[in-house]
Amino acid sequence: MLNNRKLPTNLIRDRVTVDRVGLLLRTTPLATLVSLLNAALVVYVLWGDLPQSALLAWFAALALAFALRTSLMVAFDRTRPSPAGIGRWERRIVVVMGIIGLCWGALGSALFPVSNPLHQVLVICTIAGMSAGALVPACPVYPAYAAYLAGAVAPLATTLLLLGGEVFASLGLLVLVYLAALLAFGYQSHRTLVESLWLKYQCDELVHQLTEAHRQAEQTNRQLQREIIERRRAEEAERQDKQRLMLHVLNSPLAVIEWDEHFRVVTWNPSATRIFGYSEQEALGRPLQELVIGTPEAQQQMSALWKSLVYRTGGDRVEQENIAKDGRQILCEWYNTPLMDYEGRMVGVASLVQDVTDRRLREAEITHKAYHDQLTGLPNRVLLYERVAVKQVQARRRNLKVAVLFIDLDGFKQVNDQYGHEAGDYVLKCLADRLKGLVRQEDTVARYGGDEFVVALSGVSKVEDAEAVATKIILALSEPIPYRGNELRVTPSIGISFYPDHGNNLDELFSMADSAMYKAKQAGGSRHHVLAL
């Protein structure tokens, strides 16, 4: 039986922190390469516009900052810190990410090219791109990502606001809004990651308990078999009396059922009555199939079990669906042991039965929560990635495409602000139901996070097919939603990417769809956009 032991909350939190810090540090080589390449490009472009010594000093400072991050990664891999000491490593990461952010912030402040509009655009786009690009690799340690954004984006916004003029002031405000959006997206991603890691450790603990329960059950079964072997030399009557005394304990929490070679019940304890509903008087003498084994498949399984026990000396464990007296279908674990006479012939079977219906439902619920959004019931990002990966393999074999439709809701914030989060949740659930009704069974509708959804279409032969689905989605999601005497309205902006045209891996595919979605949003929303193939 499962015990109630649970991992301490502090221990889970520290293990999750170790995983989060490890996830961030493992991205160091790629982050270093991308950042230094971008920095080198900036230095090359601004070489004739700014003092060369200042540019070289800035590049050197950025390189030193990434060298510090690399040293942290190497030290982390070598020391493999315990969960109890992970807090110090997290603080170090925050400091290092803050320093890297300040280096990029220096580009947007002290090194900002005030006299060259084209170079100003380059600097703004570079800082914005580096800030957005750090979202996924840095969100495992949210304080580190926040420190990075504060150091990188805030100086740029301050510089633009201080330059004066309507254009610079507008750009400064847009940069601040962009900073707030990245902080919000980063926090949501961080929350989702932490929740997933918590579920992982809880599931691991459940698996450990199930394994231990199985081990104890097998140990019990082996012990029963040893008892049977020890009593073979005894007289048949004495052997059966002692075996019944050992097996048929009236207070056992497990159902104890003994049946003869004709499948007729000869022993039926109170726990069997509790599980299956039949009293001892109703059960004795009746074939076991009539009582609890209702389906033809289960009857065949029981016959096969009998034949297998004839040719073995050990017991057997089987899990099958049974039927209680009131017609309920229940899932039971049967631990079956053959009963032998003194000549070694099997004369019956002793079974220990446990109702595991509730336990299996809890396991299924835990698995469902790990792969589905709790509000809408749609697949979450983890399950979405797995399904898209499978669709890619299928599309490659059939020489077809996979379309990813990245959907963002326009006007959803206004609904939340005006009618409250309860109304916002209602809108998300309604739109999720509409989306499920617009696609085929082999397609996937997932909630990506916040007010973002993703539709993955399988077996797409041409771009127009995905655009037609996007048009249906826009029309369906734009319909008003009745809510407490009001009509709530949102519209979707949809970005579409295609495998393999826009990328061969998931990151490229979703990044292109996200970029296309922002193009649709910038064009006024309530439309779809496909980047050039």
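Anything mentioned here points back to the structure above.
Presented here is a report on the structure given in the accompanying data block. (Residues numbered from 1 in each chain as written. Predicted model: local features only at pLDDT ≥ 70, side-chain atom pairs only at ≥ 80, totals over all residues. Heavy atoms only, no water.)

**Remarks on the pairing of strand S4 (residues 329-340)**
- Across the twelve residues that make up S4, a large majority, eleven, are buried.
- For strand S3 (residues 316-323) and S4, the ladder comprises eight bridges, and the chain directions are antiparallel. The residue of S4 that forms the bridge with isoleucine 323 is glutamine 329.
- Where S4 and strand S5 (residues 346-355) come together, nine bridges link them in antiparallel fashion. Bridge pairing links proline 338 to valine 349 in S5.
- Between S4 and S5, which follow one another and run antiparallel, lie five residues, and glycine 344 among them has a positive phi close to 85°. (Buried < 20%, exposed > 50% of the residue type's maximum accessible area, 1.4 Å probe, protein only. Helix = DSSP H or I, 4+ residues; strand = E, 2+ residues; numbered from the N terminus. Pairing = 2+ DSSP bridges.)

**Some details on the sheet that holds strand S7 (residues 444-449)**
- Spatially, the five strands line up as an open sheet ordered S7-S8-S6-S11-S12, and their pairing is mixed. Edge positions in the open sheet fall to S7 and strand S12 (527-530), since each of these has one partner strand only. Across this sheet, the average inter-strand angle for adjacent strands is 25°, counted without regard to direction.
- Strand direction decides the pairing type here: strand S6 (residues 401-410) and strand S8 (residues 452-460), joined by seven bridges, are antiparallel. Across the sheet, residue aspartate 408 finds its bridge partner in S8, namely glutamate 452. (Axes fitted to C-alpha atoms, helices over the stretch in contact; angles between N-to-C directions.)

**Details of the pairing of S3**
- Here S3 shows a buried face lined by Asp316, Val318, Gln320 and Asn322 and an unburied face lined by Arg317, Glu319, Glu321 and Ile323.
- Where S3 hands over to S4, the hairpin turn is made up of five residues, of which glycine 327 adopts a positive phi near 95°.

**Thoughts on the environment of arginine 274**
- With respect to the helices and strands, arginine 274 occurs in helix H10 (residues 270-276).
- Distance in space between the C-alpha atoms of arginine 274 and aspartate 355 is 10.0 Å, their sequence separation being 81 residues.

**Quick notes on helix H3 (residues 52-79)**
- Taking 1.5 Å per residue as the helical rise, H3 with its 28 residues ought to reach 40 Å, and the 40 Å between its terminal C-alpha atoms agrees with that figure.
- Listed in full, the buried residues belonging to H3 are Leu55, Trp58, Leu62, Ala65, Phe66, Arg69, Leu72, Met73 and Phe76.
- After H3 finishes, the residue arginine 80 shows a positive phi value of roughly 45°. (Expected span 1.5 Å × (residues − 1).)

**Some thoughts on the pattern of salt bridges**
- Across all of its chains, the model carries 20 salt bridges by this definition.
- For arginine 328, the salt bridge identified is with aspartate 326, shortest N-O distance 2.8 Å.
- Arginine 328 gets classed as partly exposed once you look at its relative accessible area, which sits at 42%.
- The shortest N-O distance in the salt bridge between glutamate 333 and arginine 360 comes to 3.2 Å. Here arginine 360 lies in helix H14 (residues 357-371) and glutamate 333 lies in strand S4, a separation of 27 residues in the sequence.
- For glutamate 333, a relative accessible area of 3% corresponds to the buried category.
- Salt bridges here are not isolated pairs; linked through shared partners, they connect Glu333, Arg359, Arg360 and Glu363. (Salt bridge = Lys/Arg side-chain N within 4 Å of Asp/Glu carboxyl O.)

**Section: the packing of aromatic side chains**
- Counted under the stated rule, the structure contains ten aromatic pairs.
- An angle of 45° between the planes, with centres 5.8 Å apart, marks the rings of tryptophan 268 and phenylalanine 276 as tilted.
- On the numbers, 5.3 Å between centres and 40° between planes, the contact of tyrosine 426 with tyrosine 483 is tilted. Of this pair, tyrosine 426 sits in helix H17 (residues 421-436) while tyrosine 483 is found in strand S9 (residues 481-483), placing the two residues 57 residues apart along the sequence.
- Among the residues examined, tyrosine 426 registers a relative accessible area of 32% and is labelled partly exposed. (Phe/Tyr/Trp six-rings, centres within 6.5 Å; stacked < 30°, edge-to-face > 60°.)

**A closer look at the sheet that holds S5**
- Across the sheet, five strands lie side by side as S2-S1-S5-S4-S3; this open sheet has antiparallel pairing. A single partner strand is all that each edge strand has here, and the edge strands are strand S2 (265-268) and S3. Taken pair by pair, the neighbouring strands of this sheet meet at an average axis angle of 30°, ignoring direction.
- Where strand S1 (residues 255-260) lies against S2, three bridges are found, and the strand directions are antiparallel. Within S2, the residue paired with isoleucine 257 across the bridge is tryptophan 268.
- Lying on the sheet, helix H8 (residues 166-230) is in contact with S3, S4 and S5; it crosses S4 at an angle near 25°.
- Contacting S3, S4 and S5, H14 runs over the sheet at an angle of about 125° to S4. (Contact = heavy atoms within 4.5 Å.)

**Some points on the nonpolar core**
- Core analysis: the largest hydrophobic core is formed by 49 residues, its most contacted members being Trp58, Ile93, Ile100, Trp104 and Leu107.
- Listing elements by their share of this core, those giving two or more residues are helix H1 (9-26), helix H2 (28-46), H3, helix H4 (86-107), helix H5 (117-133), helix H6 (135-138), helix H7 (142-163) and H8.
- With residues near it in sequence (within four places) discarded, isoleucine 93 still touches Val21, Leu24, Leu25, Leu72, Val141 and Ala144. (Core = buried A, V, L, I, M, F, W, Y, C linked by side-chain atoms within 4.5 Å.)

**Describing unusual backbone geometry**
- In this structure, proline 500 follows tyrosine 499 across a cis peptide bond, with omega equal to 5°.
- Tracing the chain through its elements places proline 500 in the loop between strand S11 (491-499) and helix H19 (506-522).
- Despite not being glycine, asparagine 399 shows a phi value in the positive range, around 60°.
- Note that asparagine 399 resides in the loop between helix H15 (381-398) and S6.
- Residue classification places asparagine 399 among the exposed residues on the basis of a relative accessible area of 70%.
- Although it is not a glycine, serine 526 adopts a positive phi angle of roughly 55°.
- Positionally, serine 526 belongs in the loop between H19 and S12.

**Brief notes about a nonpolar patch on the surface**
- Where nonpolar side chains cluster on the molecular surface, the patch consists of Leu30, Leu33, Val34 and Leu37 and spans about 390 Å² of accessible area.
- Along the chain, leucine 37 turns up in helix H2. (Patch = residues over 30% accessible without salt bridge, like charges linked within 9 Å, V, L, I, M, F, W, Y side chains within 5 Å. Areas by Shrake-Rupley, 256 points an atom, 1.4 Å probe, with all protein chains shown as cover.)

Interpretation in functional terms is not warranted from these geometric data alone.
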